[in-house]
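Structural description and commentary
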Amino acid sequence: MSVKIYLDESEIPRQWYNIAADLPTKPPLAPDGSPLTPEMLAPVFPMNLIEQEVSTQRWIDIPQEVLDILYRWRPSPLKRAVFLEKALNTPAKIFYKDESVSPAGSHKPNSSVPQVWYNKQAGTKTLTTETGAGQWGSALSFACSLLGLTCKVYMVRISFDQKPFRKVMMETWGGKCIASPSTETQFGRKILEQDPNTPGSLGIAISEAVEAAVSDQTGSTKYTLGSVLNHVMLHQTIIGLEAKKQLAKVGIKKPDVVIACVGGGSNFAGISFPFVHDVINGEQIDIIPVEPASCPTLTRGIFHYDFGDSAGMTPLLPMYTLGHNFIPEPIHAGGLRYHGMSPLVSKAAKDGLISPRAVHQLECYKAAVLWARTEGGIIAPESSHAVAATIQEAIKAREEGKEKVILMNLSGHGHLDLAGYSKFFAGQLVDHSHPQEAIEKAEKELEAFPEA
Ligand SMILES: Cc1ncc(COP(=O)(O)O)c(C=O)c1O
């Protein structure tokens, strides 16, 4: 069997799959708990993306000009991890979608390109955003440079310090990258007054980016989010739709297990939603989102309405949350340090369609090193969560003597994450468990908001 399965450019999916058609969720609410109207979102997002956000149409056409940009690296290869299989002596067949081949090094440009394109159509000139690991900020800078928009990125302080070269990548594509919390926004200044040494969080960086967008009186600055929202999940489904076609090329009708890491949910939704569709229609597939044990949103969080950011500027979303005031431990998987979760991924978990799992940091680094020494690639610390769970499943298949087909999403490379690897080799990384008191504190705080 081939180790690499390619699709021709002519075989690229021409529509995204919108799971909102098959998995109804409660609507977002305004910060005061009242119904949210599209007009209320208009200062933040262009109307064409707001329409996509609330759409329940099952299939949505991918604009040709978006495809023309995606062709730079898509369709991405589906590869078989035969060397890892051998090392684990497993009868499982492990396939992975390699999203590290994009110009920014991860799955994130699958959504940054359409988001910038729809914004351009609507007349937006400048986009603001937050970034955790720096992948989304890079992806947005890349898309803005191709489509001629200005890009301003608030990067979580801890990642800004851990990964200085992400900033240089953004600058190379013409973007501006600022450590968050910053002195540029009211909210950033408030947080810095309370704790000048804060590592920051995605929640804080989102608040700053939203504030920067809505305070531009001309209306030509909008905000973009690299995960969590429905339209981002939609754009990423190109990953799973391609994977289906690629598996079919080698005679595989369906995988037994689908695995991806989860921060806000986008690469997981991307690979898995086309298969969640099959589960909704009666197929048996084990679909596993993998999160850090130090930020266990799906496995230990509360299903409730909560803010997507720390300042309470975003709508209230019905999702699993650890509370919007929670600042996760500064682990090296910066893109997974988020208190909330995509409402669509949350609903799939709540309905038992997917089976979330939490893994500790050290197990993930061990998995990443085994991956590098077998498959070869040096992967992002976020992706290492998916690899750790894949190894767990491959060992389980060996113990059960089952020839399972495992499909994993490799969300990004780790070429700019070597500081984390270096600390791992020096024995300086530790596992953090999320304290029960923090869950109880969040439960109390959430009482102020409606139940989901
Ligand atoms: C390589 C990589 N994987 C995964 C994630 C997590 O994001 P999401 O859950 O939206 O896929 C990030 C976020 O920055 C990332 O950079």
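Not measured: the values here are computed from a predicted model. (Residues numbered from 1 in each chain as written. Predicted model: local features only at pLDDT ≥ 70, side-chain atom pairs only at ≥ 80, totals over all residues.)

1. Some words on the nonpolar core
Here is the rule: Note on terminology: a nonpolar core is a set of buried residues of type Ala, Val, Leu, Ile, Met, Phe, Trp, Tyr or Cys, with members joined through C-beta atoms within 7 Å. Exposure in this text rests on C-beta crowding, where 20 or more other C-beta atoms within 10 Å of a residue's own make it buried, 12 or fewer make it exposed, and counts in between make it partly exposed. The C-beta atoms are placed from the backbone. Strands here are runs of E lasting at least two residues and helices are runs of H or I lasting at least four, both read from the DSSP assignment and numbered beginning at the N terminus. Once C-beta atoms have been placed from the backbone, residue pairs whose C-beta atoms lie within 7 Å are recorded as contacts.
Counting residues in each nonpolar core, the largest one holds 129 residues, and the members touching the most others are Ile94, Ile259, Val276, Val290, Ile406 and Met408. Looking at this core, the element that brings in the most residues is helix 10 (residues 202-214), giving 8 residues. Discounting residues that sit within four places of it in the chain, Ile406 has contacts with Ala92, Lys93, Ile94, Phe95, Pro255, Asp256, Val257, Ile259, Thr390, Glu393 and Ala394.

2. Overview of the sheet that holds strand 6 (residues 126-131)
Filter applied, for reference: Strand pairing is defined by DSSP finding a minimum of two bridges between the two strands. Fitted lines through C-alpha atoms serve as axes, helices being fitted only where they are in contact, and the angles separating the N-to-C directions of these axes extend from 0 to 180 degrees.
Strand order in the open sheet formed by 4 strands is 8-7-6-9, and the pairing between neighbours is parallel. Unpaired on one side and paired on the other, strand 8 (176-180) and strand 9 (221-223) mark the two borders of the sheet. Each strand of the sheet is rotated relative to its neighbour by a mean of 25 degrees, with strand direction disregarded. Looking at chain direction, strand 7 (residues 150-156) and strand 8 are connected through 5 bridges and run parallel. From the neighbouring strand, Val156 faces strand 8, where its bridge partner is Ser180.

3. Examining helix 12 (residues 238-249)
To keep things clear, this is the line we draw: By this rule the span expected of a helix is its residue count minus one, scaled by 1.5 Å.
Taking 1.5 Å per residue as the helical rise, helix 12 with its 12 residues ought to reach 16 Å, and the 17 Å between its terminal C-alpha atoms agrees with that figure. Those residues of helix 12 that sit buried are Ile238, Ile239, Gly240, Leu241, Glu242, Ala243 and Gln246. Positive phi shows up at Gly251, right after helix 12, with a value of about 75 degrees.

4. Quick notes on the site of the ligand
Basically, it comes down to this: Being near a molecule or strand means, for a residue, that its backbone-placed C-beta atom lies within 6 Å of it. Just so you know the grouping, Ala, Val, Leu, Ile, Met, Phe, Trp, Tyr, Cys and Pro go in nonpolar, Asp, Glu, Lys and Arg go in charged, and all remaining residues, Gly too, go in polar.
Around the ligand lies a shell of 21 residues, among which Gln135, Ser227, Gly263, Gly335 and Gly412 are the nearest. Among the secondary structure elements, those contributing two or more residues to the shell around the ligand are helix 6 (135-147), helix 13 (266-280) and helix 17 (381-400). Each residue belonging to the shell around the ligand can be placed in one class, and the counts come to 7 nonpolar, 13 polar and 1 charged.

5. Observations regarding the confidence of the model for the protein chain
Note the threshold: Note: pLDDT gives the predictor's confidence per residue, expressed from 0 to 100.
Confidence along the protein chain averages 96 in pLDDT terms, with 100% of residues attaining 70 or more. Across the protein chain, element-level confidence peaks in strand 10 (residues 257-261) with a mean pLDDT of 99 and bottoms out in helix 7 (residues 157-162) with 91.

6. Thoughts on helix 2 (residues 47-54)
Heads up, the rule is: When we speak of the arc, we mean the arc of directions from the helix axis to the C-beta atoms.
Buried within helix 2 we find Leu49, Ile50 and Gln52. End-on, the buried residues of helix 2 take up no more than an arc of 160 degrees, which puts them together on one face. Where the residues of helix 2 are buried, they touch helix 1 (38-41), strand 3 (59-61), helix 5 (109-121) and helix 11 (230-236).

7. Considering the packing of helix 5 against helix 6
To keep it simple, the criterion reads: The cut-offs work like this: below 35 degrees is roughly parallel, past 145 is roughly antiparallel, 65 to 115 is roughly perpendicular, and the gaps in between are oblique. Handedness of a helix crossing follows the sense of rotation of the near helix relative to the far helix, less than a right angle counterclockwise being left-handed and clockwise being right-handed.
Contact pair helix 5 / helix 6: the axes reach a minimum separation of 8 Å and the direction vectors enclose 40 degrees. Compared by their axis directions, helix 5 and helix 6 come out oblique. In the crossing of helix 5 with helix 6, the sense of the turn from one axis to the other is right-handed. Contacts between helix 5 and helix 6 involve Pro109, Ser112, Val113, Val116, Trp117 and Lys120 from the first element and Ala139, Leu140, Phe142, Ala143, Cys144 and Leu147 from the second. Split by residue class, the contact of helix 5 with helix 6 holds 10 nonpolar, 1 polar and 1 charged.

8. Quick notes on the environment of Ala269
Tracing the backbone shows Ala269 in helix 13. Judged by C-beta crowding, with 31 C-beta atoms within 10 Å, Ala269 ranks as buried. For the pair Ala269 and Val345, spaced 76 residues apart in sequence, the C-alpha to C-alpha distance is 6.8 Å. Apart from the residues lying within four places of it in its own chain, the contact partners of Ala269 are Met233, Gln236, Thr237, Ser342, Leu344 and Val345.

9. Some details on the packing of helix 12 against helix 13
Contact geometry for helix 12 and helix 13: axes closest at 6 Å, N-to-C directions at 60 degrees. Regarding the angle of helix 12 to helix 13, the classification is oblique. With respect to the hand of their crossing, helix 12 and helix 13 are arranged in right-handed fashion. Residues Ile239, Gly240, Leu241, Ala243 and Lys244 of helix 12 pack against Gly270, Ile271, Ser272, Phe273, Pro274 and Phe275 of helix 13. In terms of residue class, the contact of helix 12 with helix 13 is made up of 7 nonpolar, 3 polar and 1 charged.

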